[in-house]
Amino acid sequence: MKKFFYVLVFALLVVAAGSARAEVKVNVTQGSVEPLPIAITTFHAGSAAARNIAQKLPQVVSADLERTGLFKPVNPRAFIQTTDSIKSNGPRFGEWRAINAQALVTGSVTMGANGKARVEFRLWDVFSQQQLSGMAYTTTEKNWRRIAHIVADEIYKRVTGEDSYFDSRIVYIAESGPAQNRIKRLAIMDQDGFNHHYLTDGRALVLTPRFSPNQQKIAYMAYHNNRPRVYLYDIDTGKQEVLGNFPGMTFSPRFSPDGTKVVMSMSKDGNSDIYVMDLKTKRPTRLTNNRAIDTSPCFSPDGKSIVFESDRGGTQQLYVMKADGSDVHRITFGKGRYANPVWSPRGDLIAFTRLYSGQFYIGVVRPDGSGERLITTAYHVEGPTWSPNGRVLAYFKESPVGAGGKGRRARVYTVDLTGFNERMLSTPGDGSDPAWSPLNP
C-alpha cells in the first residue's frame, strides 16, 4: 500500500521520562484553561546546511501548539540561555523559570552524507527538571514541515494525555467567482493551511469531499455533464472514476471505517434513500426504503451503526440505524432542522448543523440523543468535520458581502469542542465543505 504523499523514516525512538511525576499537565476537557507557558528554542544546527531547518522547524511547532489555545509560547526575545549553551551544558532550569516557562523544548538538526536530515528534540518539565520525552527522526529535507507537526503531536500528547492531530490534512471545496456562478474545485492542504494545492480544475462543480481511512482516495460528488454522481479520486495517481452507474442522482458519500465500502444517498423518482456500496464487488445494497428524504449518512467508528438525516417524522432530524439498515430510531427532537451529522472518531459524540429561527448552529449530541450542546453560531455555518483526536471541529462560515449583500464569502474555521478558541484557516480564496483526514500513515 502506498503511503500518502510523504515518505518518513523513523530512525530512532527514545522516550526518556524522569522517574518523578511530571508537573506539566493541561486538562483539555475544561471550557477555558490558562494556556501553558512553553519555551521552544531554535534547534542547534550541526552544519550550515542544517541551519534552515533548525530555525524554521521550531516555528511550526510553536504555531501548532499556540493554535490549540492550550499552550502559550514564550517570546524568544526573553530567552536567557542560548541554543549553543543548551547543546553543550543542558538546560539551566533556573533561567527558564525566571521567564515563567513551565515547559521547554530543545533540539538539533544534522545533515547526513546521504542528504537526509536527522532531527532530534527533547521536552523538559522546567520545575521538576525532568525530561518528559525525546525523539529523533531521519527524513528527506523537503519533509521538514511534516517532522515539525509530528514533534508538535508528541508534545501535545505528553502534556495533555490526549491523542493529537497536527500531522493531518484537510480536503475542502475551494470557491471563486460570483455568487451565481461559483467555480468549485477540490483542494487539499495540511491542517495548518500550508502545502496547499488543487486536485481538480474547476470545469465540473464538486461538493462534499471525504477521505478514505488510508487517505489514498477521496469520495465526493461532481456534476460532470450536468449529471450529479459520486466519484472517487485517487490522490496518488489523480485518477477519477464514477462510483456506480445508478439511474438517479448520487450524493453525500462517506467511507466505512475499514475503507471497503462507501455509504451514500441516491435520489430516484423524487425520493432519496441510503445505499452502501462494496468497493470490491461494486454491488450496492439499499439500507432505507420509504417516501421520506434520507441523506447524509455517516458510519460510527466501529462500523456497526450509521447516523443520517431524514424528514420521515415531519421535520429534518437525525436518526441512527444499524449498518444493515435495521433498528432505525430518532435521536434529536429539538426545534428547527438538523443536518450534516458526522460521528466523532472517538465514538462518543455526533456533530451536526442545526437551523432554528433563521440562525445556523454547529452542535454535538451523544449517539443516544442525550447531552445536545450548541458550540458555535453564525449567519450561515455548516459542514462540521472532526479532527483525528475528536477534540476539534472544522466547518465553514458563509456571509453576504458587496453591494446589497448580493455577494458571498465562505471561509473554513476550527473551534475546540468546548466552544472556545475559534480560528480561521488560511486559504488562498473562499472555502467550504471541509473534511479532516486521519493522522497521516
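Since the model is a prediction, treat every value here as computed from it, not as a measurement. (Residues numbered from 1 in each chain as written. Predicted model: local features only at pLDDT ≥ 70, side-chain atom pairs only at ≥ 80, totals over all residues. Heavy atoms only, no water.)

**Quick notes on the overall build of the chain**
How we decide: For helices the rule is a DSSP run of H or I covering at least 4 residues; for strands it is a run of E covering at least 2, with both sets numbered from the N terminus onward. Note on method: radius of gyration uses C-alpha positions; expected globular size equals 2.2 Å times residues raised to 0.38. A 1.4 Å probe rolled over the protein chains alone gives each residue an accessible area, and that area as a share of the maximum for its type sets the label: buried under 20%, exposed over 50%, partly exposed in between. Calculation of accessible area relied on Shrake-Rupley with a 1.4 Å probe; when residues are assessed, cover is drawn exclusively from the protein chains displayed.
Helices and strands together make up the secondary structure of the chain, namely 4 helices and 31 strands. On C-alpha atoms alone, the chain measures out to a radius of gyration of 24 Å, which is about the 22 Å that the 2.2 N^0.38 rule sets for 441 residues. With the C-alpha coordinates aligned to their principal axes, the bounding extent of the chain is approximately 75 × 50 × 45 Å. Going through the 441 residues of the chain one by one, you find that 53% of them count as buried. On the chain, roughly 19700 Å² of surface is accessible, and the fraction owed to carbon and sulfur atoms is 48%.

**Observations concerning helix H4 (residues 144–160)**
Quick reminder of the rule: Here a helix's expected span is defined as the number of its residues, less one, multiplied by 1.5 Å.
With 17 residues, H4 extends 24 Å from end C-alpha to end C-alpha; this agrees with the ideal 24 Å at 1.5 Å per step. Most of H4 sits out of view: 15 of its 17 residues are buried. Among the residues trailing H4, Gly161 stands out with phi positive, at a value near 80 degrees.

**Points about the pattern of salt bridges**
Heads up, the condition is: When a carboxyl oxygen of Asp or Glu is within 4 Å of a side-chain nitrogen of Lys or Arg, the pair counts as a salt bridge.
Within this structure, the stated rule accounts for 21 salt bridges. A salt bridge links Glu175 to Lys184; the shortest N-O distance between them is 3.9 Å. The class of Lys184 is buried, set by a relative accessible area of 14%. The closest approach of N and O atoms between Asp201 and Arg203, which form a salt bridge, is 2.7 Å. The network of salt bridges with shared partners includes Glu175, Arg182, Lys184, Glu398, Arg408 and Asp430.

**Some words on the sheet that holds strand E19 (residues 294–299)**
Backbone-to-backbone hydrogen bonds join strands into a sheet, with any given pair of strands oriented parallel or antiparallel. Threshold: A pair of strands is considered paired only if DSSP assigns at least 2 bridges between the two.
Strands sit in the order E19-E20-E21-E22 across an open sheet of 4 strands; the sheet is antiparallel. The sheet terminates laterally at E19 and strand E22 (329–330), the two strands that pair on one side only. Strand direction decides the pairing type here: E19 and strand E20 (residues 305–310), joined by 4 bridges, are antiparallel. By the bridge assignment, Asp294 is partnered in E20 with Ser310.

**So, the sheet that holds strand E25 (residues 359–365)**
The line we're drawing: Geometry is summarised by axes, namely lines fitted to C-alpha atoms with helices restricted to the contacting stretch, and by angles between N-to-C directions that run from 0 to 180 degrees.
One open sheet holds the 4 strands; their spatial order is E23-E24-E25-E26, and the pairing between them is antiparallel. The sheet terminates laterally at strand E23 (337–343) and strand E26 (373–378), the two strands that pair on one side only. Across this sheet, the average inter-strand angle for adjacent strands is 20 degrees, counted without regard to direction.

**Observations concerning the packing of aromatic side chains**
Rules: Each Phe, Tyr or Trp ring, with Trp reduced to its six-membered ring, pairs with another whose centre is within 6.5 Å; inter-plane angles below 30 degrees give stacked pairs, above 60 give edge-to-face pairs, and intermediate values give tilted ones.
Applying the stated criterion to the full structure yields 12 aromatic pairs. Relative to Trp96, the ring of Phe79 lies with its centre 5.0 Å away and its plane at 70 degrees, an arrangement referred to as edge-to-face. Taken together, the positions of Phe79 in the loop between strand E4 (71–73) and helix H2 (83–89) and Trp96 in helix H3 (residues 93–98) put the pair 17 residues apart, joining distant regions of the chain. Taken as a pair, Phe79 and Trp96 share a single burial class, namely buried.

**What to know about the pairing of strand E11 (residues 205–211)**
Across the 7 residues that make up E11, a large majority, 6, are buried. Where E11 meets strand E12 (residues 217–224), 5 bridges bridge the pair, whose relative direction is antiparallel. Note that in E12 the partner of Arg210 across the bridge is Ala219. Between E11 and E12, which follow one another and run antiparallel, lie 5 residues, and Gln215 among them has a positive phi close to 65 degrees.

**Examining helix H1 (residues 51–67)**
Selection rule: Every residue pair with non-hydrogen atoms within 4.5 Å of one another is taken to be in contact.
Taking 1.5 Å of rise per residue, the 17 residues of H1 would be expected to cover 24 Å, and the 25 Å separating its terminal C-alpha atoms lies within 8% of that figure. The complete set of buried residues in H1 reads Ile53, Ala54, Leu57, Pro58, Val60, Val61, Ser62, Asp64 and Leu65. Considering only its buried residues, H1 is in contact with strand E2 (36–40), strand E3 (44–45), E4, strand E5 (103–111), strand E6 (117–125) and H4.

**So, the environment of Arg286**
The cut-off we apply is this: Polar contacts, as used here, are pairs of N or O atoms within 3.5 Å; protein pairs need one atom able to donate a hydrogen and one able to accept it. Residues neighboring in sequence count only if both atoms are side-chain atoms.
Looking at where Arg286 falls in the secondary structure, it is placed in strand E18 (residues 284–286). Given a relative accessible area of 39%, Arg286 falls into the partly exposed group. Sequence spacing of Arg286 and Tyr395 is 109 residues, and the spatial spacing of their C-alpha atoms is 29 Å. Every residue in contact with Arg286, bar those within four places of it in the chain, is listed here: Asn271, Asp273, Ile274 and Tyr275. A polar side-chain atom of Arg286 sits 3.0 Å from the main-chain carbonyl oxygen of Thr288.

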